[in-house]
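Breakdown of the fold
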Amino acid sequence: DLVDKIMNNTRRYLSIFAQAADRLLDKIKPTVRPDQEDIYDVLHDMRTAAMERAQQQAAAAGLDNADVQSRPETSKLPTSLTRRFEVRLIAPAKMKAHSVRTIRSKDIGKLVLVKGIVTRVSDVKPKCVVATYTCDQCGCEIYQEISSRTFMPIVNCPAAPCVQNNTKGRLFLQSRGSRFVKFQEAKIQELADQVPIGHIPRSMTVHLSGELTRTCTPGDVVNITGIFLPTPYSGFMAIKCGLLTDTFLEAVQIEQLKKRYSEFVMTEEIHDKIEQLRNDGDAYVKLSKSIAPEIFGLEDVKKALLLQLVSAPTKVLPDGMKIRGDLHLCLMGDPGMAKSQLLKHISRIAPRAVYTTGKGSTGVGLTAAILRDEVT
């Protein structure tokens with residue numbers, strides 16, 4: 001089945017779909033007004049004209065098209081340099097979300113769906129995907145496609161003029177002519193209900209690129225669809241680890257399981273219900289009863305949880321001292337009094353709430369440590 005083949009070898013099929021889209025777009029040449037052209041349009045027109053001149057010169061010199069096509073791959077214009085779109089895959093509706101600890105080595109290279117909570121998000125930084133060099137001798141442009149986090153820059157010019165004349169021209173990196181994409185690294189951790197008793201929550205590194213950056217913040221519960229890939233260590237860690245490699249998740253889709261306050265849309269129906277509740281005069285009791293309605297009684301506990309959920313405004317005294325409006329609540333009672341069920345219901349209501357238990361917050365999890373960030 002084609003779907004199974006795509007899910008088992010996702011990264012290869014993503015490049016195939018991108019190449020197919022490039023070929024279809026080559027047949028369609030949209031007209032762009034001069035005032036709408038950006039740097040990529042200008043560079044693309046200049047490079048295309050230079051390639052056409054090279055073909056005309058080769059034809060005038062008696063060289064056939066095969067000789068022109070046989071020049072080094074680094075001298076040809078890569079399609080990823082002029083690509084203006086991103087290819088994304090959406091997980092099937094019946095695909096089951098896995099926890100971090102259930103992702104195994106058998107899933108490397110496959111499309112997986114992982115559920116967790118975002119614990120850390122780095123700053124958005126530019127990532128080079130195509131490096132462009134200019135030779136100081138022949139003036140040719142050399143391109144280098146980059147598919148990993150690190151790469152070795154090209155030093156000597158491999159173009160035909162430098163090779164034939166044995167001049168060994170030096171290459172200089174042109175930042176303006178290279179292509180960069182937005183890159184962000186995130187960390188997701190298992191949810192409290194996914195951690196076995198006595199274990200520490202596991203985490204996974206997620207790489208976000210393009211339009212997926214800035215789509216999640218720490219504290220968000222998300223379903224991330226991505227490709228589980230290995231990455232070799234670099235530097236001293238490569239010598240120390242030997243054949244061992246680290247793993248990461250290359251995200252292709254992010255689904256928010258909780259709606260943020262900023263994403264809330266006030267419709268006319270919701271506005272009418274709020275006005276009706278405000279004019280009713282009994283909003284406090286009705287809102288408290290709406291918390292975990294399947295649990296009978298405990299009106300005072302529900303009212304206290306409602307006040308904690310709404311909180312109070314922050315007061316600033318005349319001397320400048322601030323009194324915060326956030327409340328702390330301690331529920332104490334006999335076993336089986338639905339304390340955990342009430343707190344779980346509150347964690348589902350609040351977008352930034354994180355439900356944790358004694359087994360999820362161990363002594364190691366509560367210890368603060370200063371670690372070096374490899375990205376920043």
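So, a few notes on the structure that sits alongside this text.

1. A short note on the nonpolar core
When a protein is soluble and globular, its nonpolar side chains tend to lie buried together. Formed by 18 residues in total, the largest nonpolar core has its most connected members in Val114, Ile188, Met204, Val206, Leu208, Ile224 and Leu249. Mapped onto this core, the elements with two or more residues apiece are strand S1 (111-121), strand S5 (179-189), strand S6 (203-209), strand S7 (221-232) and strand S8 (245-256).

2. Some details on the pattern of salt bridges
Summed over the entire model, instances satisfying the criterion amount to seven salt bridges. One salt bridge connects Arg88 with Glu86, and the closest N-O pair in it is separated by 2.7 Å. According to the relative accessible area criterion, Arg88 is partly exposed, its value standing at 30%. Classification of Glu86 as partly exposed rests on a relative accessible area of 40%.

3. Looking at helix H9 (residues 299-310)
Here H9 contains twelve residues, and its C-alpha end-to-end distance of 16 Å stays within 8% of the 16 Å for a straight helix at 1.5 Å per residue. Among the residues of H9, those classed as buried are Lys302, Leu305 and Leu306. Summarising the axial view, the buried residues of H9 lie within an arc of 105 degrees, below the 170-degree limit, and thus occupy one face. Looking at the buried residues of H9, the elements they touch are helix H8 (283-289) and helix H10 (339-349). Positive phi appears at Ser311, one or two residues downstream of H9, with a value of about 65 degrees.

4. Points about the pairing of S5
Where S1 meets S5, four bridges bridge the pair, whose relative direction is antiparallel. Within S5, the position partnered with Ile117 by the bridge is Gln189. Sheet topology note: the strand S2 (residues 125-135)/S5 ladder contains five bridges and is antiparallel. Along S5, the bridge assignment pairs Lys125 with Phe183. Of the pairings in the sheet, the one linking S5 to S6 comprises seven bridges and is antiparallel in character. Its bridge partner being in S6, Gln189 is matched across the sheet by Ser203.

5. A look at a nonpolar patch on the surface
A cluster of nonpolar side chains, namely Phe264, Met266, Ile270 and Ile274, defines an oily patch on the protein surface of about 350 Å² accessible area. Inspection of the secondary structure assignment puts Met266 in the loop between S8 and helix H7 (268-280).

Reading the values: the criteria
Residues numbered from 1 in each chain as written. Predicted model: local features only at pLDDT ≥ 70, side-chain atom pairs only at ≥ 80, totals over all residues. Heavy atoms only, no water. Core = buried A, V, L, I, M, F, W, Y, C linked by side-chain atoms within 4.5 Å. Buried < 20%, exposed > 50% of the residue type's maximum accessible area, 1.4 Å probe, protein only. Helix = DSSP H or I, 4+ residues; strand = E, 2+ residues; numbered from the N terminus. Salt bridge = Lys/Arg side-chain N within 4 Å of Asp/Glu carboxyl O. Expected span 1.5 Å × (residues − 1). Arc of directions from axis to C-beta. Contact = heavy atoms within 4.5 Å. Pairing = 2+ DSSP bridges. Patch = residues over 30% accessible without salt bridge, like charges linked within 9 Å, V, L, I, M, F, W, Y side chains within 5 Å. Areas by Shrake-Rupley, 256 points an atom, 1.4 Å probe, with all protein chains shown as cover.

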